[in-house]
Each structure stands twice: as structure tokens, then as C-alpha cells.
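In case you want the letters, here they are:
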Amino acid sequence: MIATTTIAPTGSAHDSRDTVHPLGSRARVLLTSVFGPYAQDDEYGSRKLNPMELYHNQVTREQGIFSLRMFHRSWGIMLIQSNISAPCTLLDFPDLERFVDEIRTEQYDIVGISSIIPNIEKVRKMCDLVREHLPNATIVVGGHVVNVPSIEERVDADHFVLGEGIRWMRRFLGEDEDQPITHPRIPSGVKAHTLGVGLSHKPGDVAAALIPSVGCPMGCNFCSTSAMFGGKGKYVHFYETGDELFEVMCGLERDLKARSFFVMDENFLLHRKRSLRLLELMIEHNKSWALYVFSSANVLRSYTMEQLVGLGISWVWMGLEGEGSQYAKLNGTDTRALVRTLQSHGVRVLGSTIIGLEEHTAGNIDAAIDHAVSHDTEFHQFMLYTPLPGTPLYAEHLTAGTLLDPREIHDADAHGQERFRHKHPNIDPGLETEFLQRAFQRDFEINGPSVIRVARTTLMGWLKYKNHPDQRIRARFAWESKELAIMYAGALWATRKRFRRSPLTKKISVILKDFHREFGLKSRLAAPLVGRYVRYKMGREERRLQNGCTYEPPTFYETNQLAAAISYAR
């Protein structure tokens, strides 16, 4: 299961496609995410368990100080702002006071709010505040929250929009909905750190977010993204061809100094013609780019390793639903062998496994977890198999009468990381929470911190390709490996000290020995020197977390040219 889907843009509506705002492109637009803080338990649906951090929330949540911490911007509303002509202000991650100040002091004709289902109470509160301070404004609500049954009865908004939002907003403003899509300049991560050490945010060191398409044609019955954009076989291409995509990537490279791209496309390599044309252009123009992609296992197997390496496939987020899974995207694939092959070529894998499939029981769940953990991927996401509103799975349980009564389960707890939304045929209520935690813990205990796994696989890639005859390939691996001899050596040294009484000590020692063999004196000197600094930062981070420290994203306030001109004139 891929769960970055909440950042996809929103749009096709519960209302008439012919609706146009009276002011058209002269309307002042405010686009906003829901208000924070997020990493706390409150009456609006925020949960400490469910912070605004994708990796810490769903992937490394049991790794403590070793967890990868970062924030991702609200890419959907950023796409919309970049593709309308009206004066538009974007407010991302405001607190409630900041949101109220914006709608109290500025005049807006349209307020667009994007949200996921757990934050429906925040959406309701924001709509009520808009009615109070901007009584003449049109309120548009988009995102997965629109799938909530009878949302019109819970939220006071004028339009509820589901699907692809750029064209919907263009229609609403009376603009040409078919004009080309302008890609915003988005660094993929904000305020990234691990082990208490901040990761570089210098231009070129942060991947650029790249959004070629939305939707997923695979159509898994639990997938809210697939359902949101039309279901099985449906998707929306923003860039149909490899030539269009290459042009966008060149722009991101120029403006963000990007050498790597986080490709937000649910199955990027499925669109083979586009991918192979992109490869041709990368070769022709000598581009040593790295791509971080989502892909199903069978689609990966349809490419040669030479093609994947040539495309710069550096990270893969891949579903590993388990032995005997009903999902065809894994049929006939030895996923453990596939993962080992990818890693041997320096490709780091983020495996994703579902807990609570129909066949799972208290008696076999440990076997399912052990199978997932045996892949030893660099990262591993575990998610509950639960029916989210809007999906075929939700419809099945609704028909069968097996959905929990809304009084039994809060929307904020039924997002795939806490509770089932339905009555499982084999798992007693509440046990799923413990099973999920057990999976994260087992992966950490057996395979160790993700940082050592990343170090291991990055080194394998360097060793395999440092002398490759193609300069373009050599350059990419050299760039990806530039931190190995010093920073990673220090991190390994500090991590080994931390696990000195653990079976993981041997695993870390083997990796560190490989580092010393390859990088010699440079690595041997850096390991203890940098390692002592990393241990100091680890200790500080551990004390912060023990004292209840949580992390919140910064607030972003951005205007397009027309909105900036109006603000200046005022």
C-alpha cells in the first residue's frame, strides 16, 4: 500500500461542472491546508500518533532517534496555485490563530481548503470561521475528506471537489481548463533530520518533487488514490510524453539545482513509452539524474537492470503484500529475490506491507510479519487493511453491514495506522493496533536502523558502478556516494556504539569494515571523529523525545504575482 496519496491534488465535483464564479479570474483566492498543530491529541482530530510526517508516521515510527523526520508540503494546492490566473495566496500549515488572522485582515472571494479524512473536524471549524469573517466568500473543500459519507451535512461549504483539481478550479474561474500544466518548484522535503542531525538542505542536495500523473490504474480495492481519480484503469497525465517530462525536469534542475527527483506518481514505470523516451533524452543530454519512484513488483521486472540504472532509479517504493496475496501486481514474483537484485545495484527499497488482510489471524500474523521483515528493505511501511471511504473495499463492507458504527470509531483513528474501520472476520477489535506496532518493532529489531541499511546498499551501488564505462552512470553513483566515507562512516560508528550489546553489532561491524576497506584511512579517521559528534546529537535528540518533544512543520505564506501586486497596493 502506498500512502503518500494524501498529497495528490483534488478536483471533479459533487456539483455542476458549469458553475462559474461571478468574478471569474478577478476573484481573489486563498488556498490552505488544515491548521496545526498536528502532533498532539486534540478535539479536532489531531493525534500524536499521526503527525504531519510521512516517514515517521508510517515507515520509521518505532525507530526512535533513528527515525527519518521530515515534512512534505501540500503539493496539490501548490499545483493549483501555479495553474490559475486569478490572484491567489497559499497558506500552508498555519496554526488556527494565523488562519483567522488571514481571513480577518484580507478579503477573499474564494477559500479552498484541502484535507484528508482524519482532519474533517478541522475543515468544519475552518469553514465556520470563513462564514464568520468572510460571509460572501465561496468555500471549496477538496481532497480525500470529500469521500466522507454525507460530508455536506457535517461541513458548511459551497462546493465539494474530488479528483483532479486544476481543471476544476480553472473551470470555476472561467479559464481555459486545457492549457498546459505549469509544474511548481517544490523541494520534496522540509526540515529533514535523523539521529538528531539535520540533513543538508543546500540547493542540489534536496530532491525536487516531480508530479507526472495522478491516480493509479492498478485499482487495488483498498486504494483511496485510485478511487479518487476514477478507479481501476483510470489516471490523469499532466505530462503525456517523455519529452514533456524531460522539459519539466530540466526546469527543476535549473531553478532548484536538483540532481534527484521524488516522482509522485503511483506507478511511474507502468507508462513504459514515456519512461523509455525519458531514458533516451537523459542519455542524449548526458543527465546523471537520480529518480525516487513508486512501482509495483511486476512492472519493475518488465525492465532490464540496465534500463533501470540508466534511468537513475535510485529508490523504489514497492508493495510487498505477502505470500498468497490476492493482488495480481505480485503474482509470480519472488519479491525477496527482486529486492536483493535491486539492492545489489545500489537501488534502495522502501517495502510496503499490509497488516490485517482477510486471511490474517492472531495465529498467522507473526508469519506474515516475518515474511515482510525477511526482505530487509532499507525502509518498511506497514499499513492496516481497512476500508477507507470512497474505495471499493468500503463499498463491499457497507453492503455486507460489517462497517463499524461511527460512534465506535473516530475518523481520526481509522487512517490505516491505528484501528480497523470494519469488523475483521478473524481479528478481535483492538488487536490490530498491537499487530501493527509489532510489525514495526520486529523490522527494527531484526534489520536495525534504516540508516545502516541505506549505508550498506549505497556502498554496494558505488562498488558496482564506480568504474562503469559510461561517465553518466559513474557520475550519478559518485554523487550519491559522496557522504559515505565521512558522514555515513561516523553514523555507523555511533550506531554500533549504541547497539554494542545487541546482535546488530556484528551486522554494523561488517558494513563498517567494508567502508574501511573501500575508503581506507579517510573512513578510519572519520568514523570515530564524526561518530562522537553524532553520538552527542543522538543523546540530545533522545532527551528531547523523552521529554515529550514533537515536531511541527513551518508555516508557508506564498502569493502569485497578481496577489502580491494587490497586497503591495494595499
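For the structure itself, consult the block above.
Residues numbered from 1 in each chain as written. Predicted model: local features only at pLDDT ≥ 70, side-chain atom pairs only at ≥ 80, totals over all residues. Heavy atoms only, no water.

1. Some details on helix 18 (residues 484-498)
Turning to step 1, where the next piece is worked out: An ideal rise of 1.5 Å per residue puts 21 Å on 15 residues; helix 18 measures up with 20 Å between its terminal C-alpha atoms.
Turning to step 2, where the next piece is worked out: Buried residues of helix 18: Leu484, Ala485, Ala489, Gly490, Ala491, Leu492, Trp493, Ala494 and Thr495, and no others.
Turning to step 3, where the next piece is worked out: Contacts from the buried residues of helix 18 go to helix 16 (450-465) and helix 19 (504-546). (Helix = DSSP H or I, 4+ residues; strand = E, 2+ residues; numbered from the N terminus. Expected span 1.5 Å × (residues − 1). Buried < 20%, exposed > 50% of the residue type's maximum accessible area, 1.4 Å probe, protein only. Contact = heavy atoms within 4.5 Å.)

2. Structural notes on unusual backbone geometry
Turning to step 1, where the next piece is worked out: Residue Pro37 is bonded to the preceding Gly36 through a cis peptide linkage, with omega at 5°.
Turning to step 2, where the next piece is worked out: Phi angles above zero are rare outside glycine, and Lys191 is one such case at about 55°.
Turning to step 3, where the next piece is worked out: Within the element layout of this structure, Lys191 appears in strand 7 (residues 190-194).
Turning to step 4, where the next piece is worked out: Classification of Lys191 as exposed rests on a relative accessible area of 52%.
Turning to step 5, where the next piece is worked out: One non-glycine residue with positive phi stands out, namely Leu195, at about 60°.
Turning to step 6, where the next piece is worked out: Turning to its location among the elements, Leu195 is positioned in the loop between strand 7 and strand 8 (197-198).

3. Focus on the side chain of His397
Turning to step 1, where the next piece is worked out: With respect to the helices and strands, His397 occurs in helix 14 (residues 392-400).
Turning to step 2, where the next piece is worked out: His397 sits in the buried class, given a relative accessible area of 14%.
Turning to step 3, where the next piece is worked out: What His397 contacts, discounting residues up to four positions off in sequence, is Pro387, Thr402, Leu403 and His422.

4. What about the sheet that holds strand 12 (residues 260-263)?
Turning to step 1, where the next piece is worked out: Strands sit in the order 9-12-13-14-15-16 across an open sheet of 6 strands; the sheet is parallel. Here the strands that pair on one side only, and so sit at the sheet edges, are strand 9 (208-210) and strand 16 (379-384). Each neighbouring strand pair of the sheet contributes to a mean axis angle of 15°, computed without reference to strand direction.
Turning to step 2, where the next piece is worked out: Strand direction decides the pairing type here: strand 15 (residues 348-355) and strand 16, joined by 6 bridges, are parallel. Bridged to Ile355 within strand 16 is Leu384. (Pairing = 2+ DSSP bridges. Axes fitted to C-alpha atoms, helices over the stretch in contact; angles between N-to-C directions.)

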